[in-house]
Amino acid sequence: MTASIISIASRRKRHYARIPFLHRISANGLLNWRLEPKFLAIVHTEIMLVSDLDTKDTYLACKAETIDMDLRLKGKSVLVTGASQGIGEGVARSFAEEGCHLHLVARSGDRLAAIKSEIEAAHGGQGVKVTIHPLDLTSSDVINPLVESIGDIDILVNNAGVIPSGNLWDVDESKWRAGWELKVFGYINLTRAIYPRMKARGGGVIINNIGNGGEVFDPNYVAGTTGNASLMAFTRAMGGHSLDDNIRVVGVNPGPVNTDRIYSMLKKRAKQWLGDEDRYKELEERYPLKRPAHLHEITDLIVFLASYRSGYTSGTIFTVDGGIASRRSII
Ligand SMILES: NC(=O)c1ccc[n+]([C@@H]2O[C@H](COP(=O)([O-])OP(=O)(O)OC[C@H]3O[C@@H](n4cnc5c(N)ncnc54)[C@H](OP(=O)(O)O)[C@@H]3O)[C@@H](O)[C@H]2O)c1
């Protein structure tokens, strides 16, 4: 994982000298100094941090402002549901980058197998092992066999969810129940099965990827708004006391994210509101920055929240939606 720092180092490489220096600069400048054997560039009166100069020179040129933030996730075991595409696939790839072993769940075995071979090809050298579990999480009798088969895990990412959009009359009871069976009961049932195992082995982290629909009460996403709101309450109820068992339960509320899901919802709305699904771009223009979130803007946060660097975070929800949920107007 990387963090921001000042950025013109590479242009001054001939000025570098190897002396023990800073490990990390805190957000407001010069707090948290810690001596580390790093390269130091002194340009005029500015003090900069640079690492590993020779190999990453070009890398530094465009990424001078990044340093590696060790999240100490290497070797951890992570279960991700809904990992065959979209946010779940992105989360799996981000944890693999940190050297984590993965258990990936979704229905499409082909997609999971393809992701497994790509990740093991890219990170096999780090010893990353990927195990796939092609199954349908709407049938609760698959939960216990799954949990038995994966053994001990450090991190659970509840993510599989396809709650249908539409108003109360568009989403009839059976569609509503099917959506909640996977997402609401899926998250709850998997937490119920895995929490005691994490407690028995001394701790763990549970991340619920929910959705800002839980705090933006949208009548045209009424089943999602209600389901996500319940999962926000579930996350807080569990996470409020889970640190007594050294377990952290944390929620993330993405707004629109660049996956197939958001574009199928946009097209459905464009058809309903503008009479033509091809006009979905006009709706996209209404988003902050005129775009949905990039995948990494969600997955990097989830990986950080799962790390020891977020060790005091539990029973809370992080909203990542460009400000959508905070938009209010009295007029
Ligand atoms: N994209 C957004 O803008 C957005 C915003 C806020 C929150 N979210 C939430 O983020 C999560 C992921 O969204 P996404 O956009 O990545 O969705 P997506 O692209 O539709 O991916 C959904 C994932 O869930 C899996 N899945 C679906 N039905 C399943 C079942 N019955 N059993 C097991 N796995 C199943 C799918 O794989 P298979 O089809 O292979 O089973 C897929 O991997 C959802 O909970 C969603 O509500 C998304």
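The preceding data block contains the structure.
Residues numbered from 1 in each chain as written. Predicted model: local features only at pLDDT ≥ 70, side-chain atom pairs only at ≥ 80, totals over all residues. Heavy atoms only, no water.

## A closer look at the packing of aromatic side chains
Note the threshold: Each Phe, Tyr or Trp ring, with Trp reduced to its six-membered ring, pairs with another whose centre is within 6.5 Å; inter-plane angles below 30 degrees give stacked pairs, above 60 give edge-to-face pairs, and intermediate values give tilted ones. Put simply, DSSP H or I for four residues or longer makes a helix, DSSP E for two residues or longer makes a strand, and each gets a number counted from the N terminus. Using a 1.4 Å probe on the protein chains alone, a residue whose accessible area is under 20% of its type maximum counts as buried, one over 50% counts as exposed, and one in between counts as partly exposed.
This structure, assessed with the given rule, holds two aromatic pairs. Between tryptophan 176 and tryptophan 180, the ring centres sit 6.0 Å apart and the planes meet at 50 degrees, which makes this aromatic pair tilted. Of this pair, tryptophan 176 and tryptophan 180 both sit in helix 5 (residues 173–182), four residues apart, which is roughly one turn of the helix. In this pair, the class of tryptophan 176 matches that of tryptophan 180, namely buried.

## Some remarks on the site of the ligand
Selection rule: Consider each residue's heavy atoms; a residue with any of them within 4 Å of a molecule or strand counts as near. As used in this structure description, the phrase polar contact means that two N or O atoms lie within 3.5 Å; if the pair is within protein, one of them must be able to donate a hydrogen and the other to accept it, and residues adjacent in sequence are counted only when both atoms belong to side chains. Only the protein chains shown count as cover for residues, and the accessible areas themselves come from Shrake-Rupley with a 1.4 Å probe.
Neighbouring residues of the ligand: 30 residues in total, closest Ser84, Arg107, Ser108, Val257 and Thr259. One nitrogen or oxygen atom from the side chain of serine 108 is found 2.4 Å from an oxygen atom belonging to the ligand. Here an oxygen atom of the ligand sits 2.8 Å away from a polar atom, N or O, in the main chain of asparagine 159. Coverage of the ligand by the protein amounts to 93% of the 880 Å² it exposes when considered alone. Put simply, the parts of the chain that give the shell around the ligand at least two residues each are helix 2 (86–97) and helix 8 (260–274).

## Here's the deal with the pairing of strand 8 (residues 130–134)
Every other side chain in a regular strand lies on the same face of the sheet, so the side chains alternate between the two faces. Short version of the rule: At least two DSSP bridges between two strands are required for those strands to pair. With the strands aimed away from the viewer, a crossover counts as right-handed if its path from the first strand over the helix to the second runs clockwise.
Pairing analysis gives five bridges linking strand 7 (residues 101–106) to strand 8, with the strands arranged parallel. Across the sheet, residue valine 105 finds its bridge partner in strand 8, namely histidine 133. In this fold, strand 7 hands off to helix 3 (residues 109–123), which returns the chain to strand 8; that crossover is right-handed.

## Quick look at the nonpolar core
So the rule is basically this: We call a set of buried Ala, Val, Leu, Ile, Met, Phe, Trp, Tyr and Cys residues a nonpolar core when their side-chain atoms join them within 4.5 Å.
Phe95, Leu102, Leu104, Val157 and Ile207 are the most contacted members of the largest nonpolar core, which totals 33 residues. For this core, the secondary-structure elements that each account for two or more residues are strand 6 (77–81), helix 2, strand 7, helix 3, strand 9 (155–158), strand 10 (204–209), strand 11 (247–254) and helix 10 (296–305). Broken down by element, the residue count for this core peaks at five residues, all from helix 2. Formed by 23 residues, the second largest nonpolar core is a distinct cluster that contains Ile163, Val171, Ile210 and Ile262.

## A look at unusual backbone geometry
Residues other than glycine seldom take positive phi values, yet arginine 72 does so here, at roughly 50 degrees. With respect to the helices, strands and loops of the structure, arginine 72 is situated in the loop between strand 5 (66–68) and strand 6. The class of arginine 72 is exposed, set by a relative accessible area of 54%. The backbone of leucine 289 sits at a positive phi, close to 60 degrees, despite the residue not being glycine. Owing to a relative accessible area of 69%, leucine 289 belongs among the exposed residues under this scheme.

## Section: the environment of threonine 316
Convention followed: Note on definitions: a residue-residue contact is assigned when non-hydrogen atoms from the two residues lie within 4.5 Å.
Its location among the elements puts threonine 316 in strand 12 (residues 316–320). On a C-alpha basis, the gap between threonine 316 and arginine 248 in space is 9.7 Å, while along the polypeptide they are 68 residues apart. Beyond its immediate sequence surroundings of up to four residues, threonine 316 is in contact with Thr235, Val249, Val250 and Gly251.

## As for the pattern of salt bridges
Stated precisely, the cut-off is as follows: Salt bridge criterion: a side-chain nitrogen from Lys or Arg within 4 Å of a carboxyl oxygen from Asp or Glu.
Evaluation of the coordinates by the stated rule reveals 13 salt bridges. The salt bridge involving glutamate 284 is made with lysine 281; its shortest N-O contact spans 2.8 Å. With glutamate 284 and lysine 281 both in helix 9 (residues 280–284), this residue pair falls three residues apart, about one helical turn. Residue class for glutamate 284 comes out buried when judged on its relative accessible area of 5%.

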